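Reading the structure
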Amino acid sequence: MKVYFSLAALYIRSFYNLPGKRAPGAKLDGKKIGKLVGMTVLVLFLLANLGVMFVGLNLGLYESLASVGMQGMLLLNAVVMATVMTLIIGFLTSLSTYYLNDMELQLLAMPIKPRALFAAKFTAVYVSEAIFSLFFILSAMVIFGIKEQPHPLMYLWGTLAAFLVPIPALAACYFVQVPLLSVARFLKNRQTILLVGGVLGLAMGLGFNLYYQTMFSRLATDPAWIAQNMAGPESLVAQAGRAWPPAYLAWKAMSQPASAQAALSLLGMAAFCLSFLAAAVLVLSGAYAKSLVGFNEVRLRRLGARTGEYLDRNLRRGHAFGTLVLREVRMMNREPMYLLNGPFIIVLMPVIFGIMLAAQKDAFLSDPDMAGLLALLQSGGGAVIAGLAGAFLGSGTSITCTAVSRDAKALPYIKSLPIKAGRYFLAKLAHGLIFGVFGAVAGVGLLTWALGLGASDAAAGLAMALGLSALVNMAGLWLDTANPRLKWDNPMAALKQNPNSVIMILGTMGLIGGAGYLAFSQGLSSWQAAAWFGLVPGVAFAALLAAFPAYAERRLAAMEV
Amino acid sequence: MIELSRVSKSYAKSGVKAVNDADVTVKNGEIFGFLGPNGAGKTTTIKLMTGVLKPDSGTVSIDGIDMAERALDAKRRFGYVTDNPELFARLKASEYLNFVADVYGVDTADRRERVERYASLFEIKDVLNASIGSYSHGMKQKLLVTASLVHDPDNWILDEPMVGLDPRSSFNLKELMRERAAAGKTVFFSTHVMEVAERLCDRLSIINKGAILFTGTLAELKTRGGSDSSLEKLFLELVDDKEEAKA
Ligand SMILES: Nc1ncnc2c1ncn2[C@@H]1O[C@H](COP(=O)(O)OP(=O)(O)OP(=O)(O)O)[C@@H](O)[C@H]1O
Ligand SMILES: [Mg+2]
């Protein structure tokens, strides 16, 4: 048991990148406090964002259900949704953390029971699931609570249920994954797994978005439809809820919170959920530990007789700056975690949206509700929308705002090479801009096609997209140069747990939202918009660029790696 | 020639004084060994030497070129084997060699010839197409050695180069060090292996807790220690002496 607790603590710390215990005597100085406050604000901001989304969703559902007098269904809906979401998120998380790194092979060599190992991994994944589930069910309960004034015990039952909901979901994930990864050797490869997981994740994110959009587009016009089809007693969600005992029992408890039935229902739910946990630990632990072996295998093919020919072809002098850029591109694109969260986004998003649009384009543009929008598009709005979409894609790769952090391990070596600091950083910028331009062109192109824009609107949109995304990429590099994350043991940490990438994503959304608001509220023509949101950011980019090399050189010299 | 004069360095983050007022001079045609216990400051000294870290005080020069003033020129004059071969795992070995050669501006014919020579010597020639991540520790080490010589530098700086090498490769590496020194080039390396230092070095320094305790030939060390014992014994005595003096 003791082993389990320390393993679980270890996993949780490395999953969520929590700081270890402070060394005795180490003091919190101003900079550390500043960082802590910054991170807290950031986390609160993200939670608030999620909260707004969840509350909005539940409020919408409540209102449509109330319009037909079925508001009680809201809680069942919340439990079912939480179950489905924890199943999806749990599947992705457990898959991407199935084999963390070679540290786990060392764990296998220690006298640790497979049961403790598996349970610890399960726990670490469960933590984020529980938080998510609690968050979702809580937002439904609060809305229901304010509107309907149920007995306060509902909150207790709901909270307990929220903690129980993810357990069978996560157990199910492992019941699929452990056998799968024990048998399928080709899957036993972190790269493959991450790619599969990434594509699944994006597809699911998109599916959720679609659900959300469908609901809100009907909310104003047809609440009864929502009640009927999305949460009413005959809807798929409600049927699933009644068929799945934990959801049904949780709903029972929350609907009659003060009755003795409630406590019994919850007890039943706990027994049901925990039995899944017990089954998973009992059945899967051994197989799980065994399946970890072989994850770090790689193939090494010898050239043999072709060696000379290979060297003749491949050892060639390249361009001095080009070689720096090429290294950046390769180092990023060949790390699946980086590829998925970076460059891949600007390829996949347009493809998926393109397919969706191609399927729905005619229906979309001929909808009578769209007449107003079409008029807006003709008067310059189209260029702005295309420009902002392009700017979004061109800024979304997280290449520059993690460029220094990702390279942390190589920095000592790089610093010993005769490379001008300015050029080294400009190669990073060039890498970001290459993909930035690609994203900008893809975004603008897609919307030009979808909205049927003319050449001048497209050009104005492209100017905006290029100006804004160049500025964002430059700012991101500046940020990661000023405050890089140089200490990490998992490459994922340099990107996913890098505050700079979160700051840049939020900043980009703010910038694009602000630009859109200004453009529409001021009724800018497409050329005015191109000047304000293309030329001005372009000039700002140039100004930053001029000042950057000197700054970067000073920063690089100060980095003690 | 490599010259460190009165160099000190404290890490800003940890506040550790890693190198304290160190003087090191490596003359042309010399193999110079750098010995010291774990955490003594060997790697830090080498990072100061290669311009990876900036000294708090003191000067570094390579072939008389000051690192602080003409960093790029100074850096062109040495090849460096880091203590961490886990670099660039996602690159293919040939891509990595090309990168390094491009940075030093080595033309196609020279890089082809040098890679051929050193990669054959270390028996990694027919896996240069593979990604570095698929290499064993020793193979990565040998690739770093190959890369460090791709521009045929006059100064060769190696941080614990024998770690992870098999006997034959280790032998070849030592031969290569001797060959370069015989050609009038400098070789500077850190190590924990006393036998290697004993048989290979023309001169050596012993560093402990950031301070250089001894610099000279093995014979001088023996005179100073007043005995004809092995380097290992002399090393331990020297390092322990200071410990006791402080206590
Ligand atoms: N990046 C760093 N930041 C802060 N302190 C460091 C850093 N690198 C090394 N140190 C500290 O500097 C001191 C000297 O370390 P250094 O790596 O130079 O030792 P070393 O002689 O190379 O040891 P080893 O034989 O283990 O390689 C140690 O106290 C170490 O903790
Ligand atoms: Mg060292």
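From a predicted model like this one, the values you see are computed outputs, not experimental measurements. (Residues numbered from 1 in each chain as written. Chains lettered and ligands numbered in written order. Predicted model: local features only at pLDDT ≥ 70, side-chain atom pairs only at ≥ 80, totals over all residues. Heavy atoms only, no water.)

1. Focus on the sheet that holds strand E3 (residues 31–35) of chain B
Residues and elements named next belong to chain B. One open sheet accounts for six strands, arranged E6-E7-E8-E3-E9-E10; its pairing is mixed. Whereas interior strands pair on both sides, the edge strands pair on one side only; in this sheet they are strand E6 (78–81) and strand E10 (211–216). Looking at each pair of strands side by side, their axes are set apart by 15° on average, direction ignored. Relative to strand E8 (residues 186–191), E3 runs parallel, the two being bridged by five bridges. Each residue of the ladder has a partner; that of Gly33, found in E8, is Phe189. Each of E3, E6, strand E7 (155–159), E8 and strand E9 (203–208) is contacted by helix H1 (residues 42–49), which is oriented at about 150° to E7, the strand it contacts most. (Pairing = 2+ DSSP bridges. Helix = DSSP H or I, 4+ residues; strand = E, 2+ residues; numbered from the N terminus. Axes fitted to C-alpha atoms, helices over the stretch in contact; angles between N-to-C directions. Contact = heavy atoms within 4.5 Å.)

2. Here we look at the nonpolar core
If you look at the biggest cluster of nonpolar residues, it comprises 102 residues, and the most contacted ones within it are Phe88, Tyr96, Leu128, Leu143, Trp156, Leu173 and Met177 of chain B. In terms of residue count, the dominant contributor to this core is helix H3 (residues 93–104) of chain B (eight residues). Not counting residues up to four positions away in its chain, the partners in contact with Leu143 of chain B are Ala93, Tyr96, Leu97, Ile124, Leu128, Ile132 and Tyr135 of chain B. Formed by 83 residues, the second largest nonpolar core is a distinct cluster that contains Leu65, Ala171, Ala280 and Ala289 of chain A. (Core = buried A, V, L, I, M, F, W, Y, C linked by side-chain atoms within 4.5 Å. Buried < 20%, exposed > 50% of the residue type's maximum accessible area, 1.4 Å probe, protein only.)

3. Comments concerning the site of ligand 1
Near ligand 1, the surroundings consist of 15 residues, among which Gly39, Lys42, Thr43, Thr44 and His192 of chain B are the closest. Site remark: ligand 1 is flanked by residues from chains A and B. In the model, an oxygen atom of ligand 1 is placed 2.7 Å from a nitrogen or oxygen of the Gly39 of chain B main chain. One nitrogen or oxygen atom from the side chain of His192 of chain B is found 2.9 Å from an oxygen atom belonging to ligand 1. Protein chains bury 70% of the 640 Å² of accessible surface belonging to ligand 1 in isolation. With three residues, the single largest contributor to the shell around ligand 1 is H1 of chain B. In the shell around ligand 1, the residues fall into five nonpolar, seven polar and three charged. (Near = heavy atom within 4 Å. Polar contact = N/O pair within 3.5 Å; in protein donor to acceptor, adjacent residues only side chain to side chain. Areas by Shrake-Rupley, 256 points an atom, 1.4 Å probe, with all protein chains shown as cover. Nonpolar A, V, L, I, M, F, W, Y, C, P; charged D, E, K, R; others polar.)

4. Some details on the side chain of Thr97 of chain A
All names here are of chain A. Within the secondary structure, Thr97 is located in the loop between helix H3 (73–96) and helix H4 (103–109). By relative accessible area, which is 8% here, Thr97 ends up buried. With residues up to four places along the chain from it excluded, the contact list for Thr97 reads Phe15, Lys121 and Val125.

5. Here's the deal with helix H14 (residues 320–333) of chain A
An ideal rise of 1.5 Å per residue puts 20 Å on 14 residues; H14 of chain A measures up with 21 Å between its terminal C-alpha atoms. For H14 of chain A, the complete set of buried residues consists of Thr323, Leu324, Val325, Arg327, Glu328, Val329, Met331 and Met332 of chain A. (Expected span 1.5 Å × (residues − 1).)

6. Digging into the domain arrangement of chain B
Residues and elements named next belong to chain B. Partitioning chain B into structural domains gives domain 1 (2–77 + 153–246) and domain 2 (86–152). Taken together, the 19 residues of domain 1 in the interface contact 15 residues of domain 2. Interface area for domain 1 against domain 2, summed over the two sides, is near 1,400 Å², with a carbon-plus-sulfur share of 55%. The tally of links from domain 1 across to domain 2 stands at five salt bridges. The salt bridge involving Glu123 is made with Arg168; its shortest N-O contact spans 4.0 Å. (Domains from an automatic or database assignment. Buried area = accessible area lost by both parts, 1.4 Å probe. Salt bridge = Lys/Arg side-chain N within 4 Å of Asp/Glu carboxyl O.)

7. Details of the packing of aromatic side chains
Taken as a whole, this structure holds 24 aromatic pairs over all chains when the rule is applied. Centroid distance Phe32 of chain B to Phe188 of chain B: 5.6 Å. Interplanar angle 15°. Geometry classified as stacked. In this pair, Phe32 of chain B is assigned in strand E3 and Phe188 of chain B in strand E8, connecting sequence segments 156 residues apart. Residue Phe32 of chain B shares its accessibility class with Phe188 of chain B, and that shared class is buried. Overall, the relative accessible area of 0% leaves Phe188 of chain B in the buried class. Over the ring of Tyr338 of chain A we find Arg406 of chain A, and its NZ or CZ is 5.6 Å from the ring centre. For Lys409 of chain A, the ring lying beneath its charged end belongs to Trp488 of chain A, and the centroid distance is 4.7 Å. (Phe/Tyr/Trp six-rings, centres within 6.5 Å; stacked < 30°, edge-to-face > 60°. Lys NZ or Arg CZ within 6 Å of the ring centre and 35° of its normal.)

8. Some words on the environment of Gly507 of chain A
The topology assignment puts Gly507 of chain A in helix H23 (residues 499–521). On a C-alpha basis, the gap between Gly507 of chain A and Gly476 of chain A in space is 9.7 Å, while along the polypeptide they are 31 residues apart.

9. Examining the pairing of strand E2 (residues 17–26) of chain B
Residues and elements named next belong to chain B. Where strand E1 (residues 2–10) meets E2, six bridges bridge the pair, whose relative direction is antiparallel. The partner of Val7 across the bridge, within E2, is Ala22. From the end of E1 to the start of E2, which pair antiparallel, there are six residues, and Gly15 there has a positive phi angle of about 75°.

10. Focus: the domain arrangement of chain A
Residue and element names in this part refer to chain A. Once the domains are mapped, chain A shows domain 1 (71–292) and domain 2 (324–558). Distance between the C-alpha centres of domain 1 and domain 2: 34 Å. Taken together, the contact pairs 11 residues of domain 1 with 11 residues of domain 2. The contact between domain 1 and domain 2 buries some 990 Å² in all, and 83% of this surface belongs to carbon and sulfur atoms. Here domain 1 and domain 2 share zero salt bridges between them. Taken together, the residues that form the side of domain 1 that touches domain 2 break down as seven nonpolar, three polar and one charged.

11. Observations concerning the interface of chain B and chain A
With 52 residues of chain B at the contact, the number on the chain A side is 41 residues. The contact between chain B and chain A buries some 4,200 Å² in all, and 61% of this surface belongs to carbon and sulfur atoms. Three residues, Arg90, Phe99 and Arg112 of chain B, lead the burial of chain B against chain A; their summed loss comes to 18% of the area buried on that side. Between the two partners, chain B and chain A, sit six salt bridges. Its salt-bridge partner being Arg330 of chain A, residue Glu95 of chain B comes within 3.5 Å of it at the nearest N-O pair.

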